[in-house]
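Take a look at the letters that make up each chain.
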Amino acid sequence: MSGSIEVRGLSRTFHTTVRRPGFGGALRSLVAPQRVAKHAVSDIGFDVAAGELLALLGPNGAGKSTTIKMLTGILTPTSGEARVAGVVPYRDRERNARNIGAVFGQRTQLWWDLPVRESFAILRDIYEVPKAEHAVRLREFDELLDLSSFWDTRVRHLSLGQRVRCDLAAALLHDPPVVFLDEPTIGMDVVVKEQVREFLRHQVEQRGRTVLLTTHDMTEVERLAERVVLINHGRLVLDGTLEEIRRTFGSTWQVRATLADPQAEVVPLPGIAVLRREGARVVFGPEGTDGTGGPEGAGMGASRGVTVHQALKAVIERYEVTDIALDEADLEDVMRAAYAQAGDV
C-alpha cells in the first residue's frame, strides 16, 4: 500500500456571521445577517513521498491544522483534491481511517477513565488487529517509548509526556502507512521530547512510514525533517529542503580559522570575503557582508550563494589551519526571516 500524500489546489473557506454592536445591531444581525468569508486554506499543493517526514510550518492561524483536518477526513475542502495512501479522505472516511494514524498534541484518543492497556485493547478490536500482531507491536512500542511502567495507570492520571507517548503508540497500533502529528510534543520536557523524536525517526527510517508534522519547535524540525513546506495566511509560500531554506533566508555565516603560519598571505576566495584578521586568526564571511549580520545595513538573506559548508571546504583546501570553527544562524532565525518575507512580521 502506497503511503504517499498528494495535495492539489486544496482550499477551505469558512463563512461566519458578523455580530453588529448593541441591541439594534443584534436585531439587524438576526433579520439580515451579514456573512463574511474567511479563506483558511487557499489553493495549496504539495506531495509527500512514501517514507518521508515533511514538516508543515507556519505562524499561528496560517492554516496548518485546517490542512491536516482535510487530509484526515475531518473537514471537506471547498475546492481542490487530496489523496492519502490512494484514498480521497473526505469521501471514504472509514477506509482513510484505517490508513492513517493521528496525534493532536492537546487531545487524546484514549479513554479518560480506563487504564492505558484497556484503551489499547479497545483500539485493537476497533481496527480488527489480530491479537498476536497487537502483542508484537505493543512490545516494540514499549521498548521504544517505555510504556509498560505506566500502562496500567488511568489516562486521567498520566503526565503530559506519558499521555502523548501512549497516543503515539495508539495511533500506530493498526500499522498505518501515513501518520499526522499536529504539535505532538507541545509542553513536554526535553528528555521526553528526545524520546519521541527517536521513536519518529525509527518509524520513518525503519518502518517506512510517511509522517506529516506540524510544530513550532525548530529543534524538532532540524532533527527530524529534511524538507519543509511553509504556509502563511492559508497560502503555500515555500517548499524546499532545510539546506535550500538556509541558503535563501539564512543570515550571514562566519568561518573562524587559526592559520599554521601567522605570516601567511590571506586573500579573498570566490564568494568569500576576509572580514577580520588578528595575527594567525582570520574570520571569513560571505562576499559583500560587513561581518555583523548581513550586507552593509541589509540584514537577512546575505548568505545566498556560497554556503557555510562550501566556505569551510574552500578555506581548508586553500590554507593550512590548526583550528577552525563556524558560526551559522540557527533555524529559528532562518524561519523568522522566512515568515517575515511571507508577510507575517
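Draft legend 1. Broad picture of the sheet that holds strand β5 (residues 100–104). Read from one edge to the other, the open sheet built from 6 strands follows the order β5-β6-β7-β3-β8-β9, with strand pairing classed as mixed. Every other strand in the sheet has two partners, leaving β5 and β9 (235–241) as the edge strands with one partner each. Across the sheet, the mean angle separating the axes of adjacent strands is 15 degrees when strand polarity is ignored. Across 6 bridges, the pairing between strand β8 (residues 227–232) and β9 is antiparallel. Its bridge partner lying in β9, R227 is registered against T241. Sitting on the sheet, helix α11 (residues 331–341) is in contact with β3 (53–57) and β8, with an inclination near 40 degrees to β8.

Draft legend 2. Just empty space enclosed by the protein, in detail. A full pass over the atoms with the stated rule returns 2 cavities of 30 Å³ or more. There is about 30 Å³ of room inside the second largest cavity. L168, L172, V179, L181, F199, L200, Q203, R209 and V211 are the residues that line the second largest cavity. Within the residue set of the lining of the second largest cavity, elements represented by two or more residues are α6 (160–172), β6 (178–182) and α7 (190–205). Sort the elements by how many residues they give to the lining of the second largest cavity and α7 lands first, with 3 residues. Residue composition of the lining of the second largest cavity, by class: 7 nonpolar, 1 polar and 1 charged.

Draft legend 3. Spotlight on the environment of L181. Here L181 lies in strand β6. The exposure class of L181 is buried, given its relative accessible area of 0%. Remark: the alpha-carbon pair of L181 and K193, spanning 12 residues in sequence, is separated by 14 Å. Excluding residues that lie within four positions of it along the chain, L181 makes contacts with I68, V103, L168, L200, V211, L212, L213 and T214.

Draft legend 4. The arrangement of the sheet that holds strand β13 (residues 321–327) in detail. One open sheet holds the 4 strands; their spatial order is β11-β12-β10-β13, and the pairing between them is antiparallel. The sheet is open, and its two borders are formed by β11 (272–278) and β13, each paired with just one other strand. Each strand axis lies, on average, 20 degrees off the axis of its neighbour in the sheet, ignoring direction. Summarising the sheet, strand β10 (residues 254–259) and strand β12 (residues 281–286) pair through 4 bridges and their orientation is antiparallel. Each residue of the ladder has a partner; that of T258, found in β12, is R281.

Draft legend 5. Seen up close, the pattern of salt bridges. Summed over all chains, the structure comprises 21 salt bridges. Where D125 meets R124, a salt bridge forms, and the shortest distance between an N and an O atom there is 3.3 Å. A relative accessible area of 16% means that R124 is categorised as buried. Three or more residues joined by partner-sharing salt bridges are found here, namely K193, E194, R197, E198, R201, D217, E220 and R223.

Draft legend 6. Representation of the pairing of β10. Relative to β13, β10 runs antiparallel, the two being bridged by 6 bridges. Of the residues in β13, the one forming a bridge with T258 is D323.

Draft legend 7. Highlighting the environment of R156. Take R156: it is sitting in the loop between α5 (131–145) and α6. For R156 and W111, which are 45 residues apart along the polypeptide, the C-alpha to C-alpha distance reads 8.6 Å. Those residues in contact with R156 that lie beyond four places of it in its chain are W112 and D113.

Parameters at a glance
- Residues numbered from 1 in each chain as written.
- Predicted model: local features only at pLDDT ≥ 70, side-chain atom pairs only at ≥ 80, totals over all residues.
- Heavy atoms only, no water.
- Pairing = 2+ DSSP bridges.
- Helix = DSSP H or I, 4+ residues; strand = E, 2+ residues; numbered from the N terminus.
- Axes fitted to C-alpha atoms, helices over the stretch in contact; angles between N-to-C directions.
- Contact = heavy atoms within 4.5 Å.
- 1 Å grid on protein atoms, 1.4 Å probe; cavity = no way out; pocket = protein on both sides within 12 Å on 5 of 7 lines; lining within 4 Å.
- Points joined across faces, edges and corners; volume = space filled by probe spheres on them.
- Nonpolar A, V, L, I, M, F, W, Y, C, P; charged D, E, K, R; others polar.
- Buried < 20%, exposed > 50% of the residue type's maximum accessible area, 1.4 Å probe, protein only.
- Salt bridge = Lys/Arg side-chain N within 4 Å of Asp/Glu carboxyl O.

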